[in-house]
Amino acid sequence: MATKKATRKYSKASGESVETEMKAMKAGKLKSGSGKNVTSRKQAIAIGLSKARKAGKKVPAKKS
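Residues numbered from 1 in each chain as written. Predicted model: local features only at pLDDT ≥ 70, side-chain atom pairs only at ≥ 80, totals over all residues. Heavy atoms only, no water.

Asker: Explanation requested: helix H1 (residues 12-26) in the structure shown.
Answerer: At 3.6 residues per turn, the α-helix brings residues three or four places apart onto the same side. The terminal C-alpha atoms of H1, which comprises 15 residues, lie 21 Å apart, in line with the 21 Å expected from a rise of 1.5 Å per residue. Taken residue by residue, H1 has Ser 14, Ser 17, Val 18, Glu 21, Met 22 and Met 25 as its buried positions. Projected down its long axis, H1 shows its buried positions confined to an angular sector of 135 degrees, all on one face. Structural note: H1 exposes Lys 12, Glu 16, Lys 23 and Lys 26 on the side pointing more than 90 degrees away from its buried face. (Helix = DSSP H or I, 4+ residues; strand = E, 2+ residues; numbered from the N terminus. Expected span 1.5 Å × (residues − 1). Buried < 20%, exposed > 50% of the residue type's maximum accessible area, 1.4 Å probe, protein only. Arc of directions from axis to C-beta.)

Structural data, given as structure tokens:
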């Protein structure tokens, strides 16, 4: 039986996109769609992944 080779679900570039959004959130400069400051870590990750998708980086499709 052949073993499956491990592949990345997310590209390194998309990880860097999320990292920049996290840094912006920690600095208090990340805004949500309504214009308010983002305080949630999960929300910052979602914004980073969304921007990575729009830029055409390797990111799985949204679940919902």
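Resuming the write-up.
Asker: What am I meant to see in the pattern of salt bridges here?
Answerer: Charged atoms that come close allow side chains of opposite charge to pair. Taken as a whole, this structure holds two salt bridges when the rule is applied. As a salt-bridge pair, Lys 23 and Glu 19 come within 3.6 Å of each other at their nearest N and O atoms. Taken together, the residues span about one helical turn, with Lys 23 and Glu 19 both in helix H1 at a distance of four residues. Using a relative accessible area of 55% as the deciding quantity, one classes Lys 23 as exposed. (Salt bridge = Lys/Arg side-chain N within 4 Å of Asp/Glu carboxyl O.)

Asker: Any chance you could explain helix H2 (residues 41-54) here in plain terms?
Answerer: Helix length check: H2 (14 residues) gives 20 Å between terminal C-alpha atoms against 20 Å at 1.5 Å per residue, within 8%. Among all positions of H2, only Ala 44, Ile 47, Gly 48, Leu 49 and Ala 52 are buried. Against H1 lie the buried residues of H2. One side-chain oxygen at the N-terminal end of H2 lies 3.3 Å from the backbone nitrogen of Lys 42; it belongs to Ser 40. Once H2 finishes, Gly 56 follows within two positions and takes phi at roughly 85 degrees, a positive value. (Contact = heavy atoms within 4.5 Å. Polar contact = N/O pair within 3.5 Å; in protein donor to acceptor, adjacent residues only side chain to side chain.)

Note that every value here comes from positions in space, so none of it alone points to a role or purpose.
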